[in-house]
Amino acid sequence: MDRSAGFIRTFDAFLDEVVRKDLVINLDLVVAMPCNYIHTNVRDATDDRFLAAELLNYQGAVFNIPHWYQESDKKIVTPELEQVLERSVPAAFQMKGEHRDEGAPACRIYGAIPVNRVKGEFHITGKGYGYRDRTHTPMQALNFTHAISEFSYGEFFPFLDNPLDMTIKSTNENIHSFRYHISVVPTLYRKLGLEIDTNQYSLSLTESSGRYVPGIFFQYDFEPIKMVIEEKRLSFWQFVVRLVTILGGIMVVAGWLYKLLDKALLLTFGKEFAKRGEEKKSGGLLDKVEEFEKI
Ligand SMILES: *[C@@H]1O[C@H](CO)[C@@H](O)[C@H](O)[C@H]1NC(C)=O
């Protein structure tokens, strides 16, 4: 028996009554253009604008992406509860607002940005595109090809797989926009008194070349519901019922095997053997099995 026999898993959705005021976006990605041409910002329905660049770290890099990053849409499965709980070590980005080697050909942007729990947008654009700036990025320098290693909402659990983690999107156009439409669902994992409060999201992407402000746009909204994924220990009687079902299955199979063996012996040894079987018609342990089957 596997060790999950004593547990039952339920999926429930509740209205998310606790209006938590804010949360963070955990972010770690590399964009194929120099940091000093990049502008990042958060805008949301509360009109609480601020420059995300003051909180995020920019680090000059080369655009060199590990081959296991996926270009196509990746499949996301709800992580196994065991995994989530065993690996639930929340982490945090330690540094804030550190900017280094900003002239290098690519830029790694990482850190945590606090956002309000309302519809909003985090964007990465070129300086001077879509708003005024002292710097105007030369068009040839624009390249919004990017690789994401972390993009999540809420407490940062490095081992939770999110739809955007380890993905890459590339373009050969300078004026190109990537627009992610993100729908965040607050999710609570619960088992044996342990709770992990986190957020899952679903995702779609639209891209366009030449027409709109170039950049990477993460548009997000929050679902008003809360998913609760829960594993509960079964009560004693629930457990007994389950055990009986499993054992019943074993008995039925044993009955079939017995019949099969009987047939095989009959074929091998002929009638003599079959008669011998008839003689001891009653009283055998396996006769009980036949009764079990009829129930
Ligand atoms: C951007 O950089 C990537 C990776 O180096 C490259 O494949 C792509 O062609 C570049 N796009 C533009 C517009 O230069």
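Source: prediction; values computed, not measured. (Residues numbered from 1 in each chain as written. Predicted model: local features only at pLDDT ≥ 70, side-chain atom pairs only at ≥ 80, totals over all residues. Heavy atoms only, no water.)

**Q** Account for the overall build of the protein, naming residues and giving values.
**A** Looking only at helices and strands, the protein has four helices and 13 strands in total. Here the contacts in the protein between residues at least 6 apart in sequence split such that 83% fall between residues at least 24 apart. Accessible area for the protein stands at about 17800 Å²; split by element, carbon and sulfur atoms hold 57% of it. (Helix = DSSP H or I, 4+ residues; strand = E, 2+ residues; numbered from the N terminus. Contact = heavy atoms within 4.5 Å. Areas by Shrake-Rupley, 256 points an atom, 1.4 Å probe, with all protein chains shown as cover.)

**Q** Let's hear about the site of the ligand: which residues, and what values?
**A** All residues adjacent to the ligand are A32, F63, N143, T145, T171, N172, E173 and N174. One nitrogen or oxygen atom from the side chain of N143 is found 2.4 Å from an oxygen atom belonging to the ligand. Between the ligand and N172 there is a distance of 2.6 Å, counted from an oxygen atom to a side-chain nitrogen or oxygen. Contact with the protein chains covers 59% of the free accessible surface of the ligand, which is 370 Å². (Near = heavy atom within 4 Å. Polar contact = N/O pair within 3.5 Å; in protein donor to acceptor, adjacent residues only side chain to side chain.)

**Q** Explain the packing of aromatic side chains residue by residue, including any values.
**A** Considering all chains together, one arrives at nine aromatic pairs under this definition. For the ring pair F151 and Y153, a centre distance of 5.7 Å and an interplane angle of 75 degrees mean the geometry is edge-to-face. No difference in accessibility class separates F151 from Y153, as the two residues are buried. Ring geometry for F151 and F218: centres 4.4 Å apart, planes at 15 degrees, overall stacked. (Phe/Tyr/Trp six-rings, centres within 6.5 Å; stacked < 30°, edge-to-face > 60°. Buried < 20%, exposed > 50% of the residue type's maximum accessible area, 1.4 Å probe, protein only.)

**Q** Mind laying out the nonpolar core, listing which residues take part and the relevant values?
**A** Formed by 35 residues in total, the largest nonpolar core has its most connected members in I109, F122, I124, F151, Y153, I182 and F218. Breaking this core down by element, the ones donating at least two residues are β2 (22-31), β3 (38-44), β6 (106-116), β7 (120-126), β8 (146-153), β10 (176-191) and β12 (215-222). It is β2 that contributes the most residues to this core, five residues altogether. Ignoring any residue separated from it by four or fewer positions in sequence, one finds F122 in contact with I25, L27, T40, N41, V42, A52, L56, I113, I216, F217, F218 and Y220. If you look at the next biggest cluster of nonpolar residues, it comprises seven residues, including F157, L160, I196 and M227. (Core = buried A, V, L, I, M, F, W, Y, C linked by side-chain atoms within 4.5 Å.)

**Q** Describe the pairing of β7, with residues and values.
**A** Within β7, seven of the seven residues are buried, which leaves it mostly tucked inside the rest of the structure. Burial along β7 is two-sided: the face carrying G120, F122, I124 and G126 and the face carrying E121, H123 and T125 are both buried. Both β7 and β12 contribute to a ladder of six bridges, which runs antiparallel. Of the residues in β12, the one forming a bridge with G120 is Y220. (Pairing = 2+ DSSP bridges.)

**Q** Can you break down the sheet that holds strand β5 (residues 99-100) residue by residue, with the values?
**A** Spatially, six strands are ordered β5-β4-β6-β2-β8-β9 in an open sheet, and the strand pairing comes out mixed. The sheet is open, and its two borders are formed by β5 and β9 (167-169), each paired with just one other strand. Bridge count between strand β4 (residues 57-61) and β6: five bridges; the pairing is antiparallel. When the sheet's bridge partners are listed, G60 is paired in β6 with C107.

**Q** Give a description of a nonpolar patch on the surface that names residues and reports values.
**A** Together, V253, W256, L257 and L260 give the surface a local cluster of nonpolar side chains, amounting to about 440 Å² of exposed area. One can find V253 in helix α2 (residues 236-269). The class for V253 is partly exposed, based on a relative accessible area of 40%. (Patch = residues over 30% accessible without salt bridge, like charges linked within 9 Å, V, L, I, M, F, W, Y side chains within 5 Å. Salt bridge = Lys/Arg side-chain N within 4 Å of Asp/Glu carboxyl O.)

**Q** Give a detailed account of the pattern of salt bridges, specifying residues and quantitative values.
**A** Under the defined criterion, the tally for this structure stands at five salt bridges. The partner of E121 in a salt bridge is R179, with the nearest N and O atoms 3.8 Å apart. Here E121 is found in strand β7, whereas its partner R179 is found in strand β10, with 58 residues between them in sequence. Judged by relative accessible area, R179 falls into the partly exposed class, the value being 22%. Each of R43, E121 and R179 takes part in one network of salt bridges that share partners.

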